[in-house]
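Descriptive structure summary
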Amino acid sequence: MSDAPRAKKSLGQHFLKDARIARRIVDLLIIDPGDRVLEIGPGPGALTAHIMAAAPSRLLLVEKDDYWAAYHADARLTGAADCAGRPEVRTGDALDFPWESLSGPWKIISNLPYNVGSPLVWDIVSRVPELTRAVFMVQKEVAERLCASPGGREYGALSVWVQSHARVEWGFEVGPGAFAPPPKVDSAVVALTPLPSAARPEDPEALAGLLRRCFQHRRKQLQSLLRKTGTRDATAALDALGISPEARPETLSPELFQKLALALRRLC
């Protein structure tokens, strides 16, 4: 691929060049025969080659860069013969992908661009109908937020939202030297396993709205934040759930946030 273009800063591209790390990332996805796998932003194919070697029944690549989309459509990847059929390639921005259109169980993997990592993880855990597992390499700071527990400075809206939909496991850290060009920050790999339907938000829209409001001013007390929602007797909702009106958003667990969102919705 000597004629391949350089990584594009506008697309947040940092291509993984360490084959050992690529293999570790794909191994975390636990690909079994018959699995459907979707990879976001395959680029030169560092992860893709290992995915194909695992022989999933279907491989869908979503690539925004026209050059790499065409490259994969030509099926010139090493290991292509090991995959059950040629990969399907869709050219486009993963932020615009219709996640609800994925029918049947899917596993999703990506070395996510830093500039879109958080919104993509937010969408995928909540919008893919039958997600069975996902593995993402993201900026280390984002990984810490995904795994954060209540009370820490990393804990925020992304933590609550993702943990309300999936169990998050820390994988491992990856230094800048594993990429070309090397980023200025460290990366980390996380694995997500969806929670049972009964444990997920009953009203996702209400939860999302509450998280936006609370974590815009995370140092304010809940009684102050909820007073501006237009909700009648928000203090009573807090009391009913055993939440102190003086508590701050980062102290509430994902489960409490879900219950509070429902309680406030019923009061409207």
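As the structure is a computational prediction, the values presented were derived from the model and not from experiment.

1. A short note on the overall build of the protein chain
The helix and strand inventory of the protein chain stands at ten helices and nine strands. Sequence-distant contacts, at least 24 apart, represent 72% of the contacts inside the protein chain between residues at least 6 apart. Summing over all exposed atoms, the protein chain offers an accessible surface of approximately 12,700 Å²; the carbon and sulfur share of this is 50%.

2. Side note on helix α10 (residues 254-267)
In this model, α10 (14 residues) spans 20 Å end to end at C-alpha, consistent with the 20 Å of a helix rising 1.5 Å per residue. Within α10, the full set of buried residues consists of Pro-254, Phe-257, Gln-258, Leu-260, Ala-261, Leu-262, Ala-263 and Leu-264. Turning to α10, the residues buried within the fold contact α6 (157-163), α7 (204-216), α8 (222-227) and α9 (234-240).

3. Brief notes about the environment of Ala-54
Note that Ala-54 resides in the loop between α2 (46-53) and β3 (58-63). What makes Ala-54 partly exposed here is its relative accessible area of 29%.

4. Focus: the side chain of Gln-163
You can see Gln-163 is positioned in helix α6. One polar contact links the side chain of Gln-163 to the main-chain carbonyl oxygen of Ala-148, over a distance of 2.8 Å. Ignoring any residue separated from it by four or fewer positions in sequence, one finds Gln-163 in contact with Arg-145, Leu-146, Cys-147, Ala-148, Val-168, Leu-195 and Pro-254.

5. A look at the pairing of strand β5 (residues 106-111)
In terms of burial, β5 is largely enclosed, as six of its six residues are buried. Residues of β5 alternate between two faces, with Trp-106, Ile-108 and Ser-110 on one and Lys-107, Ile-109 and Asn-111 on the opposite face, all of them buried. Taken together, the four bridges between strand β2 (residues 36-40) and β5 define a ladder with parallel strand orientation. What sits directly across from Leu-38, in β5, is Ile-108.

6. Focus on the packing of aromatic side chains
The tally for this structure, following the rule as stated, stands at six aromatic pairs. Both rings, one in Tyr-67 and one in Trp-68, keep their centres 4.8 Å apart while their planes meet at 90 degrees; by these two values the pair is edge-to-face. Judged by its relative accessible area of 28%, Tyr-67 falls in the partly exposed class. On the basis of relative accessible area, Trp-68 is assigned to the buried category, the value being 2%.

7. Topic: the sheet that holds β5
In space, the seven strands of this open sheet follow the order β4-β3-β2-β5-β6-β9-β7, with mixed pairing throughout. If you trace the sheet from one side to the other, it starts and ends with β4 (88-91) and β7 (166-174), each paired once. Sheet twist, expressed as the average angle between the axes of neighbouring strands with direction ignored, equals 15 degrees. Packed onto the sheet, helix α3 (residues 66-73) meets β3 and β4 and runs at close to 165 degrees relative to β4. Here helix α4 (residues 117-127) sits on the sheet and contacts β2, β5, β6 (131-139) and β9 (187-194); the angle it forms with β6, its principal contact strand, is near 175 degrees.

8. Digging into the nonpolar core
With 56 residues, the main nonpolar core has Leu-38, Trp-99, Ile-108, Phe-136 and Leu-192 as its most contacted residues. When residues of this core are assigned to their parent elements, the largest contribution, six residues, is made by α7. Listed in part, the 22 residues of the second largest apolar core include Ile-21, Ala-22, Leu-59 and Ala-191.

9. Some words on the environment of Ala-237
Here Ala-237 is to be found in helix α9. Put simply, Ala-237 and Leu-267 are 30 residues apart on the chain and 8.3 Å apart in space, counted from C-alpha to C-alpha. Not counting the four nearest positions on each side in its chain, Ala-237 is found in contact with Leu-260, Ala-263, Leu-264 and Leu-267.

The rules behind the values
Residues numbered from 1 in each chain as written. Predicted model: local features only at pLDDT ≥ 70, side-chain atom pairs only at ≥ 80, totals over all residues. Heavy atoms only, no water. Helix = DSSP H or I, 4+ residues; strand = E, 2+ residues; numbered from the N terminus. Contact = heavy atoms within 4.5 Å. Areas by Shrake-Rupley, 256 points an atom, 1.4 Å probe, with all protein chains shown as cover. Expected span 1.5 Å × (residues − 1). Buried < 20%, exposed > 50% of the residue type's maximum accessible area, 1.4 Å probe, protein only. Polar contact = N/O pair within 3.5 Å; in protein donor to acceptor, adjacent residues only side chain to side chain. Pairing = 2+ DSSP bridges. Phe/Tyr/Trp six-rings, centres within 6.5 Å; stacked < 30°, edge-to-face > 60°. Axes fitted to C-alpha atoms, helices over the stretch in contact; angles between N-to-C directions. Core = buried A, V, L, I, M, F, W, Y, C linked by side-chain atoms within 4.5 Å.

That is the geometry; function is a separate question.
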